[in-house]
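Descriptive structure summary
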Amino acid sequence: MPPQEKMDAASWEKHGSIDIVEKEVPAMSPGDVLVRVVASGICGTDLHICNGETPHAVCNVTIGHEFAGYVEDIHPETVTATKIGDLVAVDPNIPCGQCGFCRSAKYHLCLNLRCIGVTRHGGMARYVAAPATAVHVTEGISPEVASLAEPLS
């Protein structure tokens, strides 16, 4: 488990800028794993967020939805095959599972979609709490390549 300390994070704090700010190491909720980020990309979406062009983005959220890292900790109430130390790529899209689109397995059209790095803290920080269902164990590739899973998919 990481020390309960502060960490630097790239965050959308005000219109038109991404700032480096100090934030707490995130607390995990049931269903979460804690990922120690080792590779994170920045893309056009991040720039749209900081310019206020992504209406569902939340201000003061750590950006970064293209990232990979190592599982550092697992919430005691989380059921997952993932193990501490696994290198994982993270799918930033978190569907609600309840709307008509989700019930029809069209998760990409979810009416209540949340997104790591857009509506909840993302990978431009040392640690990210992510749903265990959003992490995918990678084998035989580097963290840098694993961080490209989202844009390549």
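The paragraphs below set out a description of the structure included in this document. In this text the structure is predicted, and so the values were computed from the model without any measurement.

**Looking at the overall build of the chain**
In terms of helices and strands, the chain carries 4 helices and 9 strands. Helices and strands appear in the chain in the N-to-C order β-β-β-α-β-β-β-α-β-β-β-α-α. The C-alpha radius of gyration computed for the chain amounts to 15 Å, which stays within 12% of the reference 15 Å derived for 153 residues, consistent with globular compactness. With the principal axes as the frame, the chain shows a C-alpha extent of 40 × 40 × 30 Å. Counting over 153 residues, the chain shows a buried share of 43%. In the chain, 66% of the contacts between residues at least 6 apart in sequence involve partners at least 24 apart. Accessible surface, the chain: about 8100 Å² in total, of which carbon and sulfur atoms supply 55%. Averaging the positions of the 10 positive and the 18 negative side-chain charges in the chain gives two centres separated by 6 Å.

**Some remarks on a nonpolar patch on the surface**
A cluster of nonpolar side chains, Phe101, Leu109 and Leu111, forms an exposed patch at the surface whose accessible area comes to about 280 Å². As for its placement among the helices and strands, leucine 109 is situated in the loop between helix H2 (100-103) and strand E7 (114-115). Looking at leucine 109, the relative accessible area reads 38%, which means it is partly exposed.

**Some details on the nonpolar core**
Within the largest apolar cluster, 13 residues are counted, with the highest numbers of intra-cluster contacts made by Val90, Ile116 and Val135. Put simply, the parts of the chain that give this core at least two residues each are strand E3 (32-41), strand E4 (66-74), strand E5 (87-90) and strand E8 (127-131). Broken down by element, the residue count for this core peaks at 3 residues, all from E3. Not counting residues within four places of it along the chain, the set of residues in contact with isoleucine 116 comprises Gly64, His65, Phe67, Val90, Asp91, Pro92, Ile94, His121, Gly122, Val128, Ala130 and Pro131.

**Structural notes on the sheet that holds strand E9 (residues 135-137)**
Pairing between sheet strands relies on hydrogen bonds along the backbone, with the strands arranged either parallel or antiparallel. Reading across from one edge, E8-E3-E4-E5-E9 is the order of the 5 strands in this open sheet, with antiparallel pairing throughout. Each edge of the sheet is formed by a strand with only one pairing partner; in this case those strands are E8 and E9. Averaged over all neighbouring strand pairs, the angle between strand axes comes to 45°, with direction disregarded. Relative to E4, E3 runs antiparallel, the two sharing 8 bridges. Counterpart to serine 40 in the pairing with E4 is phenylalanine 67.

What counts and what doesn't
Residues numbered from 1 in each chain as written. Predicted model: local features only at pLDDT ≥ 70, side-chain atom pairs only at ≥ 80, totals over all residues. Heavy atoms only, no water. Helix = DSSP H or I, 4+ residues; strand = E, 2+ residues; numbered from the N terminus. Rg over C-alpha atoms; globule rule 2.2 N^0.38 Å. Buried < 20%, exposed > 50% of the residue type's maximum accessible area, 1.4 Å probe, protein only. Contact = heavy atoms within 4.5 Å. Areas by Shrake-Rupley, 256 points an atom, 1.4 Å probe, with all protein chains shown as cover. Lys, Arg positive; Asp, Glu negative; His and termini not counted. Charge placed at Lys NZ, Arg CZ, Asp CG, Glu CD. Patch = residues over 30% accessible without salt bridge, like charges linked within 9 Å, V, L, I, M, F, W, Y side chains within 5 Å. Salt bridge = Lys/Arg side-chain N within 4 Å of Asp/Glu carboxyl O. Core = buried A, V, L, I, M, F, W, Y, C linked by side-chain atoms within 4.5 Å. Pairing = 2+ DSSP bridges. Axes fitted to C-alpha atoms, helices over the stretch in contact; angles between N-to-C directions.

Scope: geometric values only; no functional claims are made or implied.
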